[in-house]
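# Survey of secondary and tertiary structure
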Amino acid sequence: MNQGDRLVIVGGGPSGLSTARAYRETSGAGSVTILAGEDHLPYRRPPLTKEYLRGEIPRKELPIEPGSWFEENGVDLRTGTKVAALDPGQAKIETEDGEEIAYDACVLATGSEPIRIPVPGGGDPGILTMRTVENSTELQRRVANGGRVMVVGSGFIGCEVAASLSMRSAEVTLVSMEELPQADRLGEGAGEQIKGWLEDYGVELHLGVSVEEIEHTGEGYRVHIGDSEMVVAETVLFGTGARPRTVLAEKAGLAVEKGGIVCDSSMRASYGRVFAVGDVALAYNEAAGRRLYVEHWGEALNMGQVAGTIIAGGEAVWNVAPGFWSTIGEETIKYVAWGDGYDEARFVDHGGRAFTVWYGTEGVCVGVLAHDHDEDYEHGRKLIESGAALPE
Ligand SMILES: Cc1cc2nc3c(=O)[nH]c(=O)nc-3n(C[C@H](O)[C@H](O)[C@H](O)COP(=O)(O)OP(=O)(O)OC[C@H]3O[C@@H](n4cnc5c(N)ncnc54)[C@H](O)[C@@H]3O)c2cc1C
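Presented here is an overview of the structure given in this document. Model, not experiment: these values are computed from the prediction.

## Focus: the environment of Trp318
- Here Trp318 shows up in the loop between helix H7 (297-311) and strand S22 (323-328).
- It is 17 Å that separates the C-alpha atoms of Trp318 and Leu383, two residues lying 65 residues apart in sequence.
- In this view, Trp318 contacts Ser265, Met267, Ala283, Tyr284, Asn285, Glu286, Leu292, Val294, Glu299, Asn302, Met303 and Val306; residues no more than four positions away in its chain are not counted.
- A polar atom in the side chain of Trp318 sits 2.8 Å from the side chain of Glu299.

## Observations concerning the packing of helix H1 (residues 14-25) against H7
- Contact geometry for H1 and H7: axes closest at 7 Å, N-to-C directions at 35 degrees. Crossing hand, H1 versus H7: right-handed. Residue-level inspection shows Pro14, Ser15, Ser18, Thr19, Ala22 and Tyr23 of H1 in contact with H7, the latter providing Trp297, Ala300, Leu301, Gly304, Gln305, Ala307, Gly308, Thr309 and Ile311.
- For the contact of H1 with H7, the per-class residue count stands at eight nonpolar, seven polar and no charged.

## Some words on the site of the ligand
- Within the structure, the ligand sits among 36 residues, and Ser15, Glu38, Arg45, Lys50 and Asp279 are positioned closest to it.
- Asp279 is positioned such that a nitrogen or oxygen atom in its side chain is 2.8 Å from an oxygen atom of the ligand.
- Between the ligand and the protein, one listed contact pairs an oxygen atom with a backbone N or O atom of His296 at 3.3 Å.
- Protein chains bury 94% of the 1,000 Å² of accessible surface belonging to the ligand in isolation.
- For the shell around the ligand, the secondary structure elements donating two or more residues are H1, strand S2 (31-36), helix H4 (156-167), H7 and S22.
- Here the shell around the ligand is built from residues that sort into 16 nonpolar, twelve polar and eight charged.

## Structural notes on the pairing of strand S12 (residues 211-216)
- Relative to strand S13 (residues 221-225), S12 runs antiparallel, the two sharing five bridges. Bridge assignment links Ile214 to a residue of S13, and that residue is Val223.
- Between S12 and the antiparallel strand that follows it, S13, lie four residues.

Criteria and thresholds
- Residues numbered from 1 in each chain as written.
- Predicted model: local features only at pLDDT ≥ 70, side-chain atom pairs only at ≥ 80, totals over all residues.
- Heavy atoms only, no water.
- Helix = DSSP H or I, 4+ residues; strand = E, 2+ residues; numbered from the N terminus.
- Contact = heavy atoms within 4.5 Å.
- Polar contact = N/O pair within 3.5 Å; in protein donor to acceptor, adjacent residues only side chain to side chain.
- Axes fitted to C-alpha atoms, helices over the stretch in contact; angles between N-to-C directions.
- Left-handed = near helix turned anticlockwise from the far one by under 90°.
- Nonpolar A, V, L, I, M, F, W, Y, C, P; charged D, E, K, R; others polar.
- Near = heavy atom within 4 Å.
- Areas by Shrake-Rupley, 256 points an atom, 1.4 Å probe, with all protein chains shown as cover.
- Pairing = 2+ DSSP bridges.

Next comes the structure, spelled out in structure tokens:
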């Protein structure tokens, strides 16, 4: 793009902000507009299940950048502005208020939204999900005086919320179809450790069972699980996964596969001057040699960095192995992996509480998870990106 050109970013999460930052840092001189559906400065979601939920940090510490950053960098952040349609042929978008905005490059950074499980009673509006600062604030309010909480799902959101609420003296029950927490993604070895941590925090676990029905009673909910069990709770939270918000792209005729907007390693979508970054993108990773779907904070920043650089006329490709950290109570796991499967998981006990899990496919290292053993996490990234053998 040249001076006078217009970069329009749809979505004010980390990937949208990172795009704007990289564009300016690569001397992009056109106008930059971020159309952000939420009413806030772009903010950090990871603390919503951790320090913020536990009341350890105030809301004012959540923004990624202060308001002054946008002014200083000539970025027009329009909060509370939702985009209703994208027209790649005419190179313009339309907001929900009917305003049309033309662009020379458009970046879709619309993130993902929580999935509510389709069980009888699951549509009750009082059942919480966890994506926004409002969700976390409401959960804090509900457990202000303790109380019983049912967390449905044992992915990273469910595990983090369950541990944090227990630390806040709530009585927490976690129910999951997984036999061990996060075992579907991280394997049995890691699942056993996470199960132990949750039990140590006092979380009551119902694993390998599904929620069959949720009844709203006067004071809360009766949650029917498995064949015959029933758990009573004042609050129910679904931590049952998220789906990318691809509706704008789909309606605009862009290629969408496996739930993500198909992109090349420069984050370019299939048609027009449109890019996609963050949770919504199904981008080609040069080092992996295939498209990957990831929903990690660091990758949202990395993909935005690539798109912003390219749009400003620089060179960049997405070629790092994706990774995330998750903190369950006070236990932090660091994970880096292609994330699309493995046929072998090797658990290494380092003594004390430290452990590593190495993941391999046909003997090649495709992932590593480390707890209290950062050297494996650092070293593992190099092994994964170079396609090295699984360590003995
Ligand atoms: C509670 C929680 C804790 C997490 N903890 C971790 C963690 O510890 N480690 C980790 O690696 N990852 C974590 N994640 C995941 C990480 O936060 C996401 O991967 C990251 O936020 C994705 O960034 P994004 O910019 O793609 O999307 P988002 O952060 O979802 O931002 C997208 C924004 O676009 C807006 N939007 C959507 N549609 C429109 C529209 N039509 N018009 C205008 N705006 C629109 C949305 O309102 C939203 O503000 C966590 C996620 C959650 C929810």
